Every structure is written in C-alpha cells, then in structure tokens.
Amino acid sequence: MGQILAEKLGVVYYNLDDEIKALYQITLEEFVHTGTLMERDRKRGKLIGQLIKKRENSVIAITPMSYPEYFNIHLKKDNVFAIEVFDHPQHIFDRLVFSDENDGIYKDDEYKNARKDYYMREIIEDLQSMFIKE
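Residues numbered from 1 in each chain as written. Predicted model: local features only at pLDDT ≥ 70, side-chain atom pairs only at ≥ 80, totals over all residues. Heavy atoms only, no water.

### Brief notes about the nonpolar core
Next up, step 1: Listed in full, the 10 residues of the largest apolar core are Y14, L16, I20, F31, L47, I48, L51, I52, M65 and Y70.
Next up, step 2: Breaking this core down by element, the ones donating at least two residues are helix 2 (16-24) and helix 4 (37-53).
Next up, step 3: By residue number, the principal contributor to this core is helix 4, which donates 4 residues.
Next up, step 4: Apart from residues no more than four positions distant in its own chain, I52 is found in contact with I60, H74, K77, N79 and V80.
Next up, step 5: One finds F93, Y119, M120 and I123 within the second-largest nonpolar core, a separate group that totals 6 residues. (Core = buried A, V, L, I, M, F, W, Y, C linked by side-chain atoms within 4.5 Å. Buried < 20%, exposed > 50% of the residue type's maximum accessible area, 1.4 Å probe, protein only. Helix = DSSP H or I, 4+ residues; strand = E, 2+ residues; numbered from the N terminus. Contact = heavy atoms within 4.5 Å.)

Printed below as a string of structure tokens:
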C-alpha cells in the first residue's frame, strides 16, 4: 500500500525493512537475531528519524514496533502525516509468504494451508498485542 501511495503522490518510497538491510548489510533474519527487541526498535526508530530528516516528500512503510516510544516521537513532527493500516486476519493470512536465510521470498500455499490454524492464531495474537490497548 505504501508503494502504491508513493507512486500516486509522485514521491520517494522507503520500506523500513529494506533500509535496515541496506544500512546494516544483513538479512532481516540476521537482524531479528541481533540484540534485544528494544535495541532493534531503537535502531528502527533512529533510522525512521534519519529518513524523515532528508526533508523530501516520502512515504515510509514501517513494520509494527513493540516499543512505540521509538516511533511515536516522530509523529509529533510538523512534516509527518501518519497513517496506520489495519487488516483482517484472513487477508493477512492470504498474503503470507515465506523467506529463506537470504531473505529470498517464496510462496508455499500447500505448507501454509496445512498449518492454517497455527498461522491464524499467531496472526490474531500479533494483532491483539499491537492494536488492542487495555
């Protein structure tokens, strides 16, 4: 959605995952296994700030972060317009793909569908932990 929005607006598109891979010269799999979740979110937040400081009109697609303080500080800036996108669990499952150790993306619908109950539980738990505030 971010890429489509950027194209429609005629602005630069950044995918935070791709920017992380380029900055640290590692795969996402490697990044996920570095430091703690808080440390990774701190790095993501710092990179978001660097992308915003470029002062160019852009769309930045950001994966959910567990430590919102590293993201929320950017939402108060005058030059930031944030859009949060929420999707239905079934739609997320339908788009589910896998990646290998080199971040190569591939589809395996037979494997995915055979484990649908597991993936749906995981998706719902993730959505609840990210979007449902008590």
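### Observations concerning the side chain of D41
Next up, step 1: Among the structural elements, D41 can be located in helix 4.
Next up, step 2: Here the side chain of D41 touches R44 through a polar contact of 2.4 Å, side chain to side chain.
Next up, step 3: Apart from residues lying up to four places away in sequence, D41 is in contact with M65, S66, Y67 and Y70. (Polar contact = N/O pair within 3.5 Å; in protein donor to acceptor, adjacent residues only side chain to side chain.)

### Quick look at helix 4
Next up, step 1: A rise of 1.5 Å per residue sets the reference length of helix 4, with its 17 residues, at 24 Å; its end C-alpha atoms lie 24 Å apart and thus fit the reference within 8%.
Next up, step 2: Turning to helix 4, its buried residues number three or more, namely R40, D41, R44, G45, L47, I48, G49, L51 and I52.
Next up, step 3: Where the residues of helix 4 are buried, they touch strand 1 (12-15), helix 2, helix 3 (28-32), strand 2 (58-61) and helix 5 (69-75).
Next up, step 4: In the segment just after helix 4, R55 is the residue with positive phi, at about 60°. (Expected span 1.5 Å × (residues − 1).)

### Looking at the confidence of the model for the protein
Next up, step 1: Looking at the protein as a whole, the pLDDT averages 88, with 96% of positions reaching at least 70.
Next up, step 2: Within the protein, helix 7 (residues 109-114) carries the highest mean pLDDT (96), whereas helix 8 (residues 116-131) carries the lowest (86). (pLDDT = per-residue confidence, 0-100.)

### Here's the deal with a nonpolar patch on the surface
Next up, step 1: On the surface, a nonpolar cluster with roughly 700 Å² of combined accessible area is contributed by M1, L5, L9, F81, I83 and V85.
Next up, step 2: Mapped onto the elements, L9 comes out in helix 1 (residues 2-9). (Patch = residues over 30% accessible without salt bridge, like charges linked within 9 Å, V, L, I, M, F, W, Y side chains within 5 Å. Areas by Shrake-Rupley, 256 points an atom, 1.4 Å probe, with all protein chains shown as cover. Salt bridge = Lys/Arg side-chain N within 4 Å of Asp/Glu carboxyl O.)

### A few points about the packing of helix 2 against helix 4
Each pair of packed helices can be summarised by the angle the axes make with each other and by the distance between the axes.
Next up, step 1: One way to put it is that helix 2 packs onto helix 4 with a least axis distance of 11 Å and a crossing angle of 100°. The angle between the axes of helix 2 and helix 4 places the two elements in the roughly perpendicular class. On the side of helix 2, the interface is formed by L16, E19, I20, L23 and Y24, while helix 4 contributes K43, R44, L47, I48 and L51.
Next up, step 2: A per-class count over the contact of helix 2 with helix 4 returns 7 nonpolar, no polar and 3 charged. (Axes fitted to C-alpha atoms, helices over the stretch in contact; angles between N-to-C directions. Parallel < 35°, antiparallel > 145°, perpendicular 65-115°, else oblique. Nonpolar A, V, L, I, M, F, W, Y, C, P; charged D, E, K, R; others polar.)

### Side note on the packing of aromatic side chains
Two aromatic rings are characterised by how far apart their centres lie and by the angle between their planes.
Next up, step 1: This model, assessed by the stated rule, comprises 5 aromatic pairs.
Next up, step 2: Arranged with centres 5.2 Å apart and planes meeting at 70°, the rings of Y118 and Y119 form a pair that is edge-to-face.
Next up, step 3: Put simply, the rings of F98, Y106, Y111, Y118 and Y119 touch in pairs and so form one group of aromatic residues.
Next up, step 4: Positioned over the ring face of F93 is K112, at 4.9 Å from the centre of the ring. (Phe/Tyr/Trp six-rings, centres within 6.5 Å; stacked < 30°, edge-to-face > 60°. Lys NZ or Arg CZ within 6 Å of the ring centre and 35° of its normal.)

### A short note on the side chain of K112
Next up, step 1: For K112, the location among the structural elements is in helix 7.
Next up, step 2: Under the relative-accessibility criterion, K112 is labelled buried at 4%.
Next up, step 3: The contacts of K112, once residues within four sequence positions are left out, are F93, D94, L96, F98 and Y119.

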